[in-house]
Amino acid sequence: MGTLNLPRKVSVLGSTGSIGVSTLDLFEQAGVDIEVIGLTAGRNVARLAEQALRWRPQVAVIQDESLLPELRERLKGSGIRSEAGDQAVADVAAADAQWVMSAIVGFAGLAPTLAAARAGAVVALANKESLVCAGPSLLRTAKLAGGAVIPVDSEHSAIFQVLDPALAESVSRLILTSSGGPFRNATREEMANATLEQALAHPNFSMGAKISIDSATMMNKGLEVIEAAYLFSMPPERIEVLVHPQQIIHSMVEYADGSTLAQLGPPDMRPPIACAFAWPDRLSWPAPKLDLVTAGPLTFQHPDPAKFPALSIAKQALQAGGQAPAAMNAANERAVSAFLDRRIRFLDIPNVVAETLERMDRTADLSTLNDAVESARQTDAAARRVADEVVGDLAAA
């Protein structure tokens, strides 16, 4: 491992979430020699302080400014600088780290991810929304700055590892796999009456509430289709989703000659993080190994479009182009929030998204500014307003 050209200076944006925790655990398990420039979190001040005391970053940032006094008290005497707010998060992203884990959930991750890309860092991307809302701009920014964007989502990491850029023209299909979520075997009627607790019960992973609900609606796969289209320059008609409950095959690339290459591994986020950290090398660490004998049969099925309309909504937004994906993402965030607050039913979530896009299309409310990032911000704000109106109509019905 000593001969590898590994990043020395790193930052973790969203360090207290599941991906951030897995990232720091990987560093611990691998025993890598790193200097942590910054750690950021949204509201989990206790865990952030605990991580900061272990990793001794130059700065620890809590996004919720009301929690700054508590963070400073917890880090008192440590010599670690404490900051708060959106600008402080962006400042960490733009600092002199060579490698930045972008694991902030939601649209809030866009600005700091772009800041890291502008700084020329290698961005390990776990924030779907950055690509969905401003994918071409993000990728172009990273390239011009001399950095890179390496996907961390297990599906995109799998494609990244097996797709030969020199043979991109020979790719027939990209096949993203999905666990199917907690409602894979449920009827639509059962989904209509699903409780919040049932929707949060992911069969394979322990994740945050928003990501868990996206998995249950399969909007996470819709977002991933859009990501894959941007990351790998692939039209939507050549991207397919298959339900694979065992989550052993993370994605596949089908070539024109009939060969299909797959990347396999146990359902654990640390291997794709390790791939992003060491690429193009491979990091030696006590990784969980795949035992195909004990893994059991591997099964696949097509997702039911009647049960999971989010997939077709996402493809339609991708085909519409422009700021439609950003509007879809914003509407989904507001719909998921309303469901978590128990104001709408589970199957209302994709309905809110579809209705929001229809209303915005009718009123030409999709921003078309030349600045893609500012367009995404304006579209995001407009879509949230419309989505809240749709949620209000449903709640009043």
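Keep in mind it's a predicted model, so treat the numbers as computed, not measured.

Caption draft 1: Main features of the overall build of the chain. In terms of regular secondary structure, the chain is built from 17 helices and 11 strands. In terms of overall size, the chain behaves like a compact globule, its C-alpha atoms giving a radius of gyration of 21 Å where 397 residues would be expected to give roughly 21 Å. For the chain, the spread of C-alpha atoms along the principal axes amounts to about 55 × 50 × 40 Å. The 397 residues of the chain split such that 55% are buried. A separation of at least 24 residues holds for 67% of the contacts in the chain among residues at least 6 apart in sequence. Looking at the chain as shown, the accessible area adds up to about 16900 Å², and 50% of this sits on carbon and sulfur atoms. Averaged over its 34 positive side-chain charges, the chain has a centre that lies 3 Å from the centre of its 45 negative ones.

Caption draft 2: Geometry of a nonpolar patch on the surface. Taken together, the side chains of Leu264, Leu290, Leu292, Leu298 and Phe300 define a hydrophobic patch exposed on the protein surface, amounting to about 380 Å² of accessible area. Residue placement: Leu290 occurs in the loop between helix H12 (270–278) and helix H13 (292–295). With relative accessibility at 32%, the residue Leu290 sits in the partly exposed group.

Caption draft 3: Quick look at the packing of helix H14 (residues 310–320) against helix H15 (residues 324–340). With their axes 7 Å apart at the nearest point, H14 and H15 run at an angle of 150° to one another. The orientation of H14 with respect to H15, classified from their angle, is roughly antiparallel. In this structure, H14 uses Ile313, Ala314, Ala317, Leu318 and Ala320 to contact H15, whose residues at the interface are Ala324, Pro325 and Met328. Taken together, the residues that form the contact of H14 with H15 break down as 8 nonpolar, no polar and no charged.

Caption draft 4: Geometry of the packing of aromatic side chains. A complete count under the given rule lists 7 aromatic pairs for this structure. Taking 5.2 Å as the distance between ring centres and 90° as the angle between the ring planes, the aromatic pair formed by Trp99 and Phe277 counts as edge-to-face. Taken together, the residues Trp99 in strand E5 (residues 99–102) and Phe277 in helix H12 connect sequence positions 178 residues apart. A residue is classified by how much of its surface remains accessible, and Phe277, at 2% relative accessible area, is buried. Taken together, a centroid distance of 4.9 Å and an interplanar angle of 65° make the contact between Phe183 and Phe346 edge-to-face. With Phe183 in the loop between strand E8 (171–178) and helix H8 (188–192) and Phe346 in the loop between H15 and helix H16 (348–362), this residue pair connects regions lying 163 residues apart in the sequence. This pair shows no difference in class: Phe183 is buried, exactly as Phe346 is.

Caption draft 5: Geometry of the sheet that holds strand E1 (residues 9–13). Read from one edge to the other, the open sheet built from 7 strands follows the order E4-E3-E2-E1-E5-E6-E7, with strand pairing classed as parallel. Where the open sheet ends on each side, the last strands, each with one partner, are strand E4 (81–84) and strand E7 (148–151). Strand-to-strand, the axes of this sheet are offset by a mean angle of 15°, without reference to chain direction. In the sheet, strand E2 (residues 35–41) pairs with strand E3 (residues 59–62) via 4 bridges, with the strands oriented parallel. Within E3, the position partnered with Leu39 by the bridge is Ala60.

Caption draft 6: Representation of unusual backbone geometry in the model. The omega torsion of the bond from Trp279 to Pro280 falls at 10°, within 30 degrees of zero and hence cis. Despite not being glycine, Arg56 shows a phi value in the positive range, around 55°. Examined against the element boundaries, Arg56 turns out to sit in the loop between helix H2 (45–55) and E3. Note on Arg56: relative accessible area 44%, which makes it partly exposed. Its identity is not glycine, yet Ser233 carries a phi of approximately 50°, on the positive side. Looking at where Ser233 falls in the secondary structure, it is placed in the loop between helix H11 (219–231) and strand E9 (239–243).

Caption draft 7: How the structure looks around the sheet that holds E9. With mixed pairing, the 4 strands of this open sheet are ordered in space as E9-E8-E10-E11. Each edge of the sheet is formed by a strand with only one pairing partner; in this case those strands are E9 and strand E11 (260–264). Sheet twist, expressed as the average angle between the axes of neighbouring strands with direction ignored, equals 20°. Where strand E10 (residues 249–255) lies against E11, 5 bridges are found, and the strand directions are antiparallel. Counted as the bridge partner of Ile249 is Leu264 from E11.

Caption draft 8: Structural context of the environment of Val105. Relative to the assigned elements, Val105 resides in the loop between E5 and helix H5 (110–118). For the pair Val105 and Glu333, spaced 228 residues apart in the sequence, the C-alpha separation amounts to 10 Å. If sequence neighbours within four positions are ignored, Val105 has contacts with Asn127, Glu129, Lys210 and Ile211.

Caption draft 9: Layout of the packing of H11 against H14. The interhelical angle for the contact between H11 and H14, taken along N-to-C directions, is 30°, at an axis separation of 7 Å. Judged on the interaxial angle alone, H14 and H11 are roughly parallel. By crossing handedness, the relation of H11 to H14 is classed as right-handed. In contact with Met219, Lys221, Gly222, Leu223, Val225, Ile226, Ala229 and Tyr230 of H11, H14 contributes Ala310, Leu311, Ala314, Lys315 and Leu318. When its residues are assigned to classes, the contact of H11 with H14 shows 10 nonpolar, 1 polar and 2 charged.

Caption draft 10: Representation of the environment of Pro325 within the structure. Following the sequence through the fold, Pro325 ends up in helix H15. What makes Pro325 buried here is its relative accessible area of 0%. C-alpha of Pro325 to C-alpha of Ile80: the two residues are 245 residues apart in sequence and 39 Å apart in space. Excluding anything up to four places from it in sequence, Pro325 contacts Val132, Ile226, Tyr230, Ala317 and Leu318.

Calculation notes
- Residues numbered from 1 in each chain as written.
- Predicted model: local features only at pLDDT ≥ 70, side-chain atom pairs only at ≥ 80, totals over all residues.
- Heavy atoms only, no water.
- Helix = DSSP H or I, 4+ residues; strand = E, 2+ residues; numbered from the N terminus.
- Rg over C-alpha atoms; globule rule 2.2 N^0.38 Å.
- Buried < 20%, exposed > 50% of the residue type's maximum accessible area, 1.4 Å probe, protein only.
- Contact = heavy atoms within 4.5 Å.
- Areas by Shrake-Rupley, 256 points an atom, 1.4 Å probe, with all protein chains shown as cover.
- Lys, Arg positive; Asp, Glu negative; His and termini not counted.
- Charge placed at Lys NZ, Arg CZ, Asp CG, Glu CD.
- Patch = residues over 30% accessible without salt bridge, like charges linked within 9 Å, V, L, I, M, F, W, Y side chains within 5 Å.
- Salt bridge = Lys/Arg side-chain N within 4 Å of Asp/Glu carboxyl O.
- Axes fitted to C-alpha atoms, helices over the stretch in contact; angles between N-to-C directions.
- Parallel < 35°, antiparallel > 145°, perpendicular 65-115°, else oblique.
- Nonpolar A, V, L, I, M, F, W, Y, C, P; charged D, E, K, R; others polar.
- Phe/Tyr/Trp six-rings, centres within 6.5 Å; stacked < 30°, edge-to-face > 60°.
- Pairing = 2+ DSSP bridges.
- Left-handed = near helix turned anticlockwise from the far one by under 90°.

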